[in-house]
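For reference, the chains in residue letters:
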Amino acid sequence: MGGGSGNYIGPTGRTDKEAKDLFDKATQDIEQKIKDSQLGKSEQKENEKSGIRNVFISFHVDDENQVNLLRAQAKRDDFNLDFYDYSVKEPFSEQWKKNAAAKIALTSATIVMIGPETANRKAVQFEIEESYRQNKKVIGVRIYRNEHHPIPELMKQNNAPVVNWTLDDIQGELNKD
């Protein structure tokens, strides 16, 4: 993610202001849903009872196309997983951390999409740390099955499972207690 200011245009083609406005709108929408109990703890528990999991996806921004493919694949009827787009597309800051922590709180698990640079990204490291702090399940998914990119250190320390990118493997890990 990285910090900075000015008129930087990121890989999504958005300026800093556009990204901030988009993020602020998404945060407001989520906060309203919490207030309306649409994504509150009771619904989260109901979803888990029915086998549907709300999942936070942690990833390096350069891997966003692959993450979007995973989201699309997860819409299959036989895959009991709901992805809400909690990704934070703004510079890594204290406010970003606060917003990311609030979004992680809405989920039951964190999937870390492991690509070439994932292990080195401060934002990903924070999301993993925060997920463990909130007692969330953390699962690594290799974006490229034939390449063994570095696993984030905190995941190794916690013996987090790492699976290849198949929906059955991901769902299987999510279903384990």
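So, here's what we can say about the structure. (Residues numbered from 1 in each chain as written. Predicted model: local features only at pLDDT ≥ 70, side-chain atom pairs only at ≥ 80, totals over all residues. Heavy atoms only, no water.)

Describing the overall build of the protein
Right, so step 1: Across its full length, the protein holds 7 helices and 5 strands.
Right, so step 2: Tracing the protein from N to C terminus, the helices and strands come up as α-α-β-α-β-α-β-α-β-α-β-α.
Right, so step 3: The 177 residues of the protein split such that 44% are buried.
Right, so step 4: Within the protein, contacts between residues separated by at least 24 positions form 72% of all contacts whose residues are at least 6 apart in sequence.
Right, so step 5: Split by element, the accessible area of the protein, about 9700 Å² in all, is 46% carbon and sulfur. (Helix = DSSP H or I, 4+ residues; strand = E, 2+ residues; numbered from the N terminus. Buried < 20%, exposed > 50% of the residue type's maximum accessible area, 1.4 Å probe, protein only. Contact = heavy atoms within 4.5 Å. Areas by Shrake-Rupley, 256 points an atom, 1.4 Å probe, with all protein chains shown as cover.)

Let's talk about helix α3 (residues 64-73)
Right, so step 1: Buried within α3 we find Glu64, Gln66, Val67, Leu70 and Arg71. With its buried residues spanning 160° around the axis, α3 presents them on a single face. (Arc of directions from axis to C-beta.)

Digging into the pairing of strand β3 (residues 109-114)
Right, so step 1: For β3, a buried count of 6 out of 6 residues is recorded, marking the element as mostly surrounded by other parts of the structure.
Right, so step 2: Here 6 bridges tie β3 to strand β4 (residues 137-142), and the two strands are oriented parallel to one another. Among the inter-strand pairings, Ile111 is bridged to a residue of β4, identified as Ile139. (Pairing = 2+ DSSP bridges.)

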